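# Chain and residue survey
Here is how the chains run, residue by residue.
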Amino acid sequence: MSKSFYITSPIFYPNGNLHMGHAYTMTLCDILTRVHKLQNEDTYFLTGSDDNTGKILKIAEEKGESITEYLSSVKKGFEGLYSSLDINYDQFISTSDKDRHWPGAVALWNRLLSSGDIYKSKYEGLYCVGCEAFYTEKDSVDSKCPVHLTLLDKIEEENYFFKLSKYTEIIKQKISSDELLIVPNTRKNEILALLERGLEDVSFSRPIKNVPHGIPVPGDESQVIYVWCDALVNYISALGFGNDHDELFKKFWPASVHIVGKDIIRFHAAIWPAMLLSAGLTLPKSILVHGMITSGGHKMSKSLGNVIDPVELINSYGKDAVRYYIAREISPFEDGDLTMDRFKDSYNANLANGIGNLVSRIMKMSSDNLTSPVDIVEFEDMEEYFGFYERFEIDKAADYVWSKIGELDSYIQTNQPFKVVKTDKIAGEKMITELVTRLYSIAKMLSPILPETSAKIIELVKANKTPITPLFIRKD
Ligand code: MSP
């Protein structure tokens with residue numbers, strides 16, 4: 001049986017259109033999935049939407065739509081972006097899905113209850129509807145939300161709580177031993193420092209009036225399950241946990257990797273593992289925590305006028321150009337910057353002049369001089385290349401491919417096969433054959449990052465043809 005690889009993206013709030021940050025996370029997931037497919041693994045890529053929030057209700061009401069109508073139109077937008085970026089996921093789970101998701105959330109709640117980890121208590125806090133989050137006095141500014149600058153609601157209510165504090169030590173041990181691997185190391189240390197300070201129990205439910213479309217707490221219809229035992233559970237409910245058909249769960253759990261942004265690390269590296277431990281389930285193997293995309297060094301925002309819409313970028317430059325930038329120009333371990341100028345420069349240098357130009361040159365020599373397509377022997381040993389992905393060094397993997405592209409450019413410059421073939425046909429043809437073979441291997445390596453371009457190159461090699469138009473047209 002082949003090795004299995006289960007990867008998850010966060011499930012996004014269906015608050016509106018997806019932005020560059022979402023496109024970024026999804027592209028990373030898609031690249032990693034393709035890499036593991038290329039290694040003949042049995043892959044499963046899960047994504048979805050986080051529907052059970054007060055904000056969704058508010059937006060739907062403002063639009064005069066039912067929640068179902070509203071959600072279905074937003075999700076069409078999600079799908080549109082994913083298909084325009086060639087993102088191939090295996091399942092889209094919605095937390096509003098009563099058949100697929102709810103039984104899993106309820107089953108998990110019941111497990112935590114049987115472990116004696118859920119109890120009822122009074123909850124007091126300052127709540128921001130915009131953030132869907134509670135703030136302490138310390139974090140708020142004059143009782144206002146630090147993000148939205150609106151007055152926070154003082155909330156006092158009876159809630160169910162989860163005994164998160166009980167799991168501090170064991171999670172610390174699992175993370176420091178890398179049994180639960182947190183990548184990069186800086187984020188691992190950050191979460192260990194948080195665990196060192198100790199975890200407090202977390203509120204686990206809300207009164208049903210706040211989120212009437214949420215999942216009712218088993219045995220108490222006055223409360224709905226709060227985000228932790230709802231949204232996080234998607235990673236197993238989608239696989240059938242809590243359902244009659246749980247074949248996917250048996251096959252793919254534990255997850256190979258959860259991909260998350262640095263803003264949601266605490267949920268994934270502390271609360272989620274504690275819930276799994278309480279339920280007697282295996283922990284995910286790793287969590288990749290990526291940084292934030294900024295533009296010109298600032299968070300993208302309408303007021304700064306620096307928002308870059310992924311759809312516009314795709315329309316002007318093509319999907320592979322966007323995937324290229326995400327893969328190579330941003331380290332998955334740090335914040336990364338994206339401006340239209342940087343995008344264009346990098347496109348011209350590495351796609352138009354880089355791979356695009358190389359393909360035209362090699363295929364011109366080949367179609368002019370070789371009478372039939374080159375017989376491709378299986379591509380080079382890819383161990384070094386896959387090694388980068390094993391360590392989640394996606395940008396370094398891309399650098400590696402571009403170093404191979406550079407080698408072929410130098411080879412042409414040094415050996416000048418287009419001249420040699422005129423004086424020594426056999427030697428010239430041998431050089432061109434070598435170039436085409438190496439180009440084919442580059443195309444294979446490119447397939448997770450630039451799937452469309454990779455397929456085009458392979459087609460040209462197999463047909464021994466020059467591209468009619470350059471693969472990437474230079475932009476001025
Ligand atoms: N619904 C929660 C996640 C629950 S997962 C069980 C949520 N949703 S979200 O719609 O706000 O999307 C969050 C994801 O998008 C996070 O991983 C976050 O880091 C990522 N990004 C949001 N803005 C981003 C950037 N500017 N850059 C990169 N990623 C960004 O949180």
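Described in the following lines is the structure provided in the data block. No experiment lies behind these values; they were computed from the predicted model shown.

Attention now moves to the site of the ligand. Lining the immediate surroundings of the ligand are 20 residues, of which Ile11, Tyr13, Asp50, Asp263 and Ile293 lie closest. In this structure, Ile11 approaches the ligand through a main-chain N or O atom, which is 2.8 Å from a nitrogen atom. For the shell around the ligand, the secondary-structure elements that each account for two or more residues are β1 (4–12), α1 (20–38) and α8 (234–237). Among the elements that take part in the shell around the ligand, β1 stands out by supplying three residues, more than any other. Among the residues forming the shell around the ligand, the class breakdown is 10 nonpolar, eight polar and two charged.

The next subject is helix α12 (residues 319–329). Note that an α-helix has 3.6 residues per turn; residues three or four places apart therefore point the same way. Within α12, nine of the 11 residues are buried, which leaves it mostly tucked inside the rest of the structure. When α12 is considered as a whole, its buried residues turn out to be Lys319, Asp320, Ala321, Val322, Arg323, Tyr324, Tyr325, Ile326 and Ala327.

Here the focus is the sheet that holds strand β9 (residues 205–207). On the basis of which strands lie adjacent, the open sheet formed by three strands has the order β9-β11-β10 and antiparallel pairing. The open sheet has two edge strands, β9 and β10 (216–217), and neither has a second partner. By the bridge criterion, three bridges tie β9 to strand β11 (residues 220–225) in an arrangement that is antiparallel. Pairing of Arg206 across the sheet is with Val224, part of β11.

Glancing now at the pattern of salt bridges. Applying the stated criterion to the full structure yields 24 salt bridges. Taking the shortest distance from any N to any O, the salt bridge between Glu393 and Arg391 comes out at 3.1 Å. Its relative accessible area of 15% is what places Glu393 among the buried residues. Arg391 sits in the partly exposed class, given a relative accessible area of 44%.

Next up on the list: helix α13 (residues 340–369). For α13, with 30 residues, the first-to-last C-alpha span of 40 Å sits near the 44 Å given by 1.5 Å per residue. At Asn357, α13 shows its largest kink, close to 35°.

Our next topic: the packing of α1 against helix α14 (residues 383–390). Here α1 crosses α14 at 140°, and the two axes come no closer than 11 Å. Taken together, the axes of α1 and α14 lie oblique to each other. Crossing of α1 against α14: the hand is left-handed. On α14, the residues touching Ile31, Leu32, Val35, His36 and Leu38 of α1 are Phe386, Tyr389 and Glu390. Residues of the contact of α1 with α14, tallied by class, amount to six nonpolar, one polar and one charged.

A few words on the nonpolar core. One finds Ile355, Tyr385 and Leu439 to be the most contacted residues of the largest nonpolar core, which totals 94 residues. Excluding residues within four positions of it along the chain, Ile355 makes contact with Asn350, Trp402, Ile405, Leu439, Ile442, Leu446, Ile457 and Phe472. Core analysis: the second largest hydrophobic core is formed by 64 residues, Leu192, Val233, Ile264 and Ala269 among them.

This next bit is on the pairing of strand β12 (residues 257–261). Most of β12 sits inside the fold, with five of its five residues counted as buried. Burial of β12 is two-sided: the residues Val257, Ile259 and Gly261 facing one way and the residues His258 and Val260 facing the other way are all buried. Note: β12 against strand β13 (residues 286–290), four bridges, orientation parallel. In the sheet register, Val260 faces β13, and the bridge partner there is Val289. Handedness of the crossover is the feature at issue here: the chain leaves β12, passes through helix α10 (residues 265–279), returns alongside β13, and the resulting connection is right-handed.

A few words on the sheet that holds strand β8 (residues 202–203). Ordered by their spatial adjacency, four strands build an open sheet running β5-β4-β6-β8, and the pairing between neighbours is antiparallel. Here the strands that pair on one side only, and so sit at the sheet edges, are β5 (133–135) and β8. Pairing of strand β6 (residues 153–162) with β8 involves two bridges; the strand directions are antiparallel. Residue pairing for β8: Phe162 is matched across the bridge by Val202.

Basis of the calculations
Residues numbered from 1 in each chain as written. Predicted model: local features only at pLDDT ≥ 70, side-chain atom pairs only at ≥ 80, totals over all residues. Heavy atoms only, no water. Near = heavy atom within 4 Å. Polar contact = N/O pair within 3.5 Å; in protein donor to acceptor, adjacent residues only side chain to side chain. Helix = DSSP H or I, 4+ residues; strand = E, 2+ residues; numbered from the N terminus. Nonpolar A, V, L, I, M, F, W, Y, C, P; charged D, E, K, R; others polar. Buried < 20%, exposed > 50% of the residue type's maximum accessible area, 1.4 Å probe, protein only. Pairing = 2+ DSSP bridges. Salt bridge = Lys/Arg side-chain N within 4 Å of Asp/Glu carboxyl O. Expected span 1.5 Å × (residues − 1). Bend = angle between axes of the 7 residues up to and from the residue. Axes fitted to C-alpha atoms, helices over the stretch in contact; angles between N-to-C directions. Parallel < 35°, antiparallel > 145°, perpendicular 65-115°, else oblique. Left-handed = near helix turned anticlockwise from the far one by under 90°. Contact = heavy atoms within 4.5 Å. Core = buried A, V, L, I, M, F, W, Y, C linked by side-chain atoms within 4.5 Å. Right-handed = clockwise from strand over helix to strand, strands pointing away.

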